[in-house]
Amino acid sequence: MPLFEGACARYGVRMGERIWTAGLVVIGDEILSGRTQDRNVAQIAVWLNVQGIRLSEVRIVPDVEARIVEAVNAVRTGYDYCFTTGGIGPTHDDITVDAIAAALGVGVVIHPEARDALERHYATRGGLTDARLRMARVPDGADLIPNRMSGAPGIRVGNVLILAGVPHITAGMLDALTGTLEGGAPVVSGTLGCWVAESEVAELLRTTERAHPGVAIGSYPFFREGRVGANFVVRATDQQLVDRCLADLGRQLLAVGRDPVPGGI
């Protein structure tokens, strides 16, 4: 984990620069039971970074309305954006829409555009059943996020963005959202690796980070080939800041008898 937790350093931004943030609520008993391994956290984090938005918190909650309401209200009021994944399918335990409507204090309605999209999608697949129509339900006042994969759309209501739980469908919804959210500068990064215990260079990392305002250094230890080592990831919103810090960090490691490996080990 990153060693240094100052707010601006953590996000790799200069003092005074606007930081856009998001939280993610992963919804589903199948995630908590271990039956399904979540792959959405990583792809959403990477996508958000390109949009200039930092994923700041992830919560995993069961298919229990009260728990979803609690998590969504905390995240949507704590960050610029609240993303959710899971629980928007056609079955009885898909309760995300109802829970988010309750969190927002609004009712649930059938969105006419969602109904039309589902009717087209299922026209040659047995038609629009009552179960399938559930996927057209949205919190009152919501807009749709297109879904080219299965016809069932994602949902956007205020700063809450409700996505599918199936990773390839989630990816399509993120693609549809690209460029539509307000954000800041994307974070860029570079890596140096070194065969050294991170505890031996902790102070060196700290002083190097402090010497480069707007930069954050994360340390990620590993054990390979019978030896300990670490990769040091330098992050900022300016590639020149990253490059200067990497060069300085490399010099500092050489000065204490260590051989840095550009790009990491």
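That block above? That's the structure.
Note that the coordinates shown come from a computational prediction; the quantities given were computed from them, not determined experimentally.

Rules of the game
- Residues numbered from 1 in each chain as written.
- Predicted model: local features only at pLDDT ≥ 70, side-chain atom pairs only at ≥ 80, totals over all residues.
- Heavy atoms only, no water.
- Core = buried A, V, L, I, M, F, W, Y, C linked by side-chain atoms within 4.5 Å.
- Buried < 20%, exposed > 50% of the residue type's maximum accessible area, 1.4 Å probe, protein only.
- Helix = DSSP H or I, 4+ residues; strand = E, 2+ residues; numbered from the N terminus.
- Contact = heavy atoms within 4.5 Å.
- Pairing = 2+ DSSP bridges.
- Axes fitted to C-alpha atoms, helices over the stretch in contact; angles between N-to-C directions.
- Left-handed = near helix turned anticlockwise from the far one by under 90°.
- Nonpolar A, V, L, I, M, F, W, Y, C, P; charged D, E, K, R; others polar.
- Salt bridge = Lys/Arg side-chain N within 4 Å of Asp/Glu carboxyl O.

*Asks:* How do you make sense of the nonpolar core when you look at a structure like this?
*Replies:* When a protein is soluble and globular, its nonpolar side chains tend to lie buried together. Val25, Tyr81, Phe83 and Leu163 are the most contacted members of the largest nonpolar core, which totals 41 residues. By residue number, the principal contributor to this core is strand β1 (residues 20–27), which donates six residues. Among all residues touching Leu163, those that are not within four sequence positions of it are Ile44, Phe83, Thr84, Thr85, Gly86, Ile88, Ile145, Thr170, Met173, Leu174 and Leu177. The next biggest cluster of nonpolar side chains, apart from the first, holds 18 residues, and it includes Val201, Leu205, Ile217 and Val242.

*Asks:* Just to check I follow, could you spell out the environment of Ala131 for this structure?
*Replies:* Tracing the chain through its elements places Ala131 in helix α7 (residues 130–133). Residues Ala131 and His92 lie 39 residues apart in sequence; the distance between their C-alpha atoms is 8.6 Å.

*Asks:* Even after reading the chapter, I still don't get the sheet that holds strand β12 (residues 261–262), so can you show me in this structure?
*Replies:* Hydrogen bonds between backbone groups are what pair the strands of a sheet, and the pairing can be parallel or antiparallel. Across the sheet, which stays open at both edges, the four strands sit in the order β10-β11-β9-β12 with antiparallel pairing between neighbours. Where the open sheet ends on each side, the last strands, each with one partner, are β10 (216–224) and β12. Bridge count for strand β9 (residues 188–194) against strand β11 (residues 227–236) is seven bridges, and the pairing is antiparallel. Opposite Gly190, over in β11, you have Val234 as the bridge partner.

*Asks:* Where do I start with the packing of helix α9 (residues 202–210) against helix α10 (residues 239–255) in this structure?
*Replies:* Remark: α9 packs on α10, axes separated minimally by 10 Å, with the N-to-C direction vectors making an angle of 150 degrees. Judged by the twist between their axes, the crossing of α9 over α10 is right-handed. Taken together, the residues of α10 that come into contact with α9 (itself represented by Leu204, Leu205 and Thr208) are Cys245, Asp248, Leu249, Gln252 and Leu253. A class-by-class count of the residues in the contact of α9 with α10 yields five nonpolar, two polar and one charged.

*Asks:* When you look at the pattern of salt bridges in this model, what are you seeing that I'm missing?
*Replies:* Applying the stated criterion to the full structure yields nine salt bridges. Between Asp175 and Arg148 there is a salt bridge, and its shortest N-O distance comes to 3.0 Å. Placement of the pair is Asp175 in helix α8 (residues 167–177) and Arg148 in the loop between β6 (143–145) and β7 (154–157), with a sequence separation of 27 residues. For Asp175, a relative accessible area of 44% corresponds to the partly exposed category. The shortest N-O distance in the salt bridge between Glu200 and Arg258 comes to 2.7 Å. One end of the pair, Glu200, is in the loop between β9 and α9; the other, Arg258, is in the loop between α10 and β12, with 58 residues separating them in the sequence. On the accessibility criterion, Arg258 (26% relative accessible area) is partly exposed.

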